[in-house]
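# Close look at the chain arrangement
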Amino acid sequence: MSDTPDSAVRTYTEQHRAVFLADLAEWLRIPSVSAQPEHDGDVRRSAEWLSGKLAETGFPVTEIWETPGAPAVFAEWPSHDSDAPVVLVYGHHDVQPAAREDGWSTDPFDPVIRDGRMYGRGAADDKGQVFFHTLGVRAHLAATGRTTPAVHLKLLVEGEEESGSPHFRAMAEERAGRLAADVVIVSDTGMWDEETPTVCTGMRGLAECEIELSGPGQDIHSGSFGGAVPNPATELARLVAALHDTEGRVAVPGFYDGVAELTGTERALFAELPFDEETWLRTAASRATAGEAGYSTLERIWARPTAEVNGIGGGYQGAGSKTVIPSSAFVKLSFRLVAGQDPERIQEVVRSWAEDRIPAGIRHRITFSPATRPCLTPLDHPALQAMARAMGRAFGTKILFTREGGSGPAADLQDVLGAPVLFLGISVPSDGWHGPDEKVELDLLLKGVETAAHLWGELADALR
């Protein structure tokens, strides 16, 4: 265990709580909405604010990195220890659009504190979770008497995550030397709930495509031609129906090649979580669960690959009837991927599967979007165990493990830098990411501060 005194960290955090929250509120007042061009100046102002605050915190290197879109912020604080491991913290400073008329109780960019919570756009996603690292590193230094962190600490805070991180991969590749690290910490995630602190061990990857089938050169009369020429809408329906077998498995040959199967230990850890399926179904606005046979709901959304129809269309869509054979039809598909799957290989097998099922007389076009790789850190990795110890010291309880069903730019850092990715987040489901009245629980936010303060010593010990 790191020799950072737990009581000293907690005392320092409480002593600086008021200033920390005032600074965070100031940052939240900057409407850094990357998706809306009218806020381009605000996104830049947000980057400049953070760069200045990191310099004030003590980081000797703070830089604004330009991209073809919104700017990112990079900061670096070398350790005096020559053998200190290098740690890169990732987050983002842009936020989702928000307006009072969306259902907010107060102005989304005028944060308020009520009942131990701070309400404001970005309070949890992701400014609050980026900002707790500033107080965390200061608490780490104060409690240990160090003048530099126990790790060589780097921060990368991008400005386009809420717009799909279109320039992130290129930036990471171009600046891979500056970003090089032994481990990556992603502070853009959350915990199971207020009473159950957890560490996320991985995220799924993502491949997406649109398949368009074309038949006649125009819509034609179904009485004159129906039953005698191929119908692209019918063939598309056959294609979609063939996507899964009767057990809920994806029926694309080669789709499961290389998939990292769940271990008995992982399944047991998932089962420890206080999961209530009826509550989950209400959250999902659904009436029943479905999916691959032989797996629990959590296993399906965290550790199994999937194929989903995201949109489908073709032919007449108006009121009443119009008896035609449509000239074209389309479907949009997404494939969530798990450790061991290569997005490029998935694109190949999906394309081959679809093309093999398209009959004569039907033209096709298959278009893939840029893919995201999955990332997973093994449970026995020393860095992950260090994270669990640091979080356990802050929360004073056993830390459980989860995964994320979604996808994000963290996998790009793992892929480019060749470093394991850890997830340090204190947000909870009730924080309302992307919705009205987004908030962060202040007690949990301060636990994030304490976890970060303990983490640098724990990682230094674990990775030497």
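Below or above, wherever it landed, is the structure these notes cover.

Analysis parameters
- Residues numbered from 1 in each chain as written.
- Predicted model: local features only at pLDDT ≥ 70, side-chain atom pairs only at ≥ 80, totals over all residues.
- Heavy atoms only, no water.
- Helix = DSSP H or I, 4+ residues; strand = E, 2+ residues; numbered from the N terminus.
- Rg over C-alpha atoms; globule rule 2.2 N^0.38 Å.
- Buried < 20%, exposed > 50% of the residue type's maximum accessible area, 1.4 Å probe, protein only.
- Contact = heavy atoms within 4.5 Å.
- Areas by Shrake-Rupley, 256 points an atom, 1.4 Å probe, with all protein chains shown as cover.
- Phe/Tyr/Trp six-rings, centres within 6.5 Å; stacked < 30°, edge-to-face > 60°.
- Lys NZ or Arg CZ within 6 Å of the ring centre and 35° of its normal.
- Pairing = 2+ DSSP bridges.
- Axes fitted to C-alpha atoms, helices over the stretch in contact; angles between N-to-C directions.
- Polar contact = N/O pair within 3.5 Å; in protein donor to acceptor, adjacent residues only side chain to side chain.
- Core = buried A, V, L, I, M, F, W, Y, C linked by side-chain atoms within 4.5 Å.
- Salt bridge = Lys/Arg side-chain N within 4 Å of Asp/Glu carboxyl O.

## Concerning the overall build of the protein chain
In terms of regular secondary structure, the protein chain is built from 15 helices and 18 strands. For 464 residues, the compact-globule formula gives about 23 Å, and the C-alpha radius of gyration of the protein chain, at 25 Å, lands near that figure. The buried share among the 464 residues of the protein chain stands at 54%. For the protein chain, the proportion of contacts with a sequence separation of at least 24, taken over those separated by at least 6, is 80%. Carbon and sulfur atoms provide 48% of the accessible area of the protein chain, an area that totals close to 19300 Å².

## Regarding the packing of aromatic side chains
Using the criterion set out here, one finds 13 aromatic pairs in the structure. With centroids separated by 6.0 Å and ring planes inclined at 55 degrees, the aromatic side chains of Trp27 and Phe131 adopt a geometry described as tilted. With a gap of 104 residues between them, Trp27 in helix H2 (residues 17-28) and Phe131 in helix H4 (residues 127-144) connect regions that are remote in the sequence. Take Trp27: its relative accessible area is 0%, and that puts it in the buried class. Classification of Phe131 by relative accessible area gives buried; the value is 1%. On the basis of an interplanar angle of 65 degrees and a centroid distance of 5.3 Å, the ring pair of Phe59 and Trp77 is categorised as edge-to-face. With a gap of 18 residues between them, Phe59 in the loop between helix H3 (40-57) and strand S1 (61-65) and Trp77 in strand S2 (residues 72-77) connect regions that are remote in the sequence. The buried category is assigned to Trp77, whose relative accessible area is 8%. Among the aromatic side chains, those forming a connected cluster through ring pairs are Trp192, Phe270, Phe275, Trp280 and Trp302. Here the guanidinium or amino end of Arg175 rests over the ring plane of Trp65, the centre of that ring lying 4.3 Å away. Stacked on the ring of Tyr256, the Lys or Arg Arg249 has its end atom at 3.9 Å from the ring centre.

## Description of unusual backbone geometry
The omega torsion of the bond from Asp125 to Asp126 falls at 5 degrees, within 30 degrees of zero and hence cis. As for its position among the elements, Asp126 is in the loop between strand S5 (117-119) and H4. Phi is positive for His434, which is not a glycine, with a value near 70 degrees. Among the structural elements, His434 can be located in the loop between strand S17 (421-423) and strand S18 (439-441).

## Topic: the sheet that holds strand S13 (residues 328-337)
If you walk across this open sheet you meet the 4 strands as S11-S13-S9-S14, and the pairing is antiparallel. In the strand order of this sheet, the two ends are held by strand S11 (306-314) and strand S14 (363-368), each with one partner. With direction set aside, neighbouring strand axes in the sheet form an average angle of 15 degrees. Of the strand pairs in this sheet, strand S9 (residues 205-214) and S13 are connected by 10 bridges, and their pairing is antiparallel. Opposite Ile211, over in S13, you have Val331 as the bridge partner. In the packing of helix H8 (residues 232-241) onto the sheet, contacts are made with S9, S11 and S13, and the angle to S13 comes to roughly 15 degrees.

## A short note on the environment of Lys127
By secondary structure assignment, the location of Lys127 is in helix H4. Not counting residues up to four positions away in its chain, the partners in contact with Lys127 are Leu24, Trp27, Leu28, Ile30, Ser32, Ser46, His92, His93, Val95 and Gly122. At 3.0 Å, the side chain of Lys127 forms a polar contact with the side chain of Ser32.

## What to know about the environment of Val350
Considering the arrangement of structural elements, one finds Val350 in helix H12 (residues 343-356). Considered as a pair, Val350 and Gly227 are 123 residues apart in the sequence and their alpha carbons are 29 Å apart. Residues in contact with Val350, not counting those within four places in the same chain, are Cys209, Val252, Phe335 and Phe368.

## Comments concerning the nonpolar core
Grouped together as the largest cluster of nonpolar side chains are 68 residues, with contacts concentrated most on Leu153, Ile185, Leu445, Trp456 and Leu459. Sort the elements by how many residues they give to this core and helix H15 (residues 442-463) lands first, with 11 residues. Residues in contact with Ile185, not counting those within four places in the same chain, are Val87, Leu88, Val89, Tyr90, Met387, Leu422, Leu424, Leu455, Trp456 and Leu459.

## What about the pattern of salt bridges?
As enumerated under the stated definition, the model contains 35 salt bridges in all. A salt bridge links Glu14 to Arg17; the nearest nitrogen and oxygen atoms lie 3.9 Å apart. Measuring nitrogen to oxygen at the nearest pair gives 2.7 Å for the salt bridge that ties Arg267 to Glu299. Of the two residues, Arg267 sits in helix H9 (residues 264-272) while Glu299 sits in helix H11 (residues 297-303), which places them 32 residues apart along the sequence. Of the residues examined, Glu299 reaches a relative accessible area of 5% and is grouped as buried.

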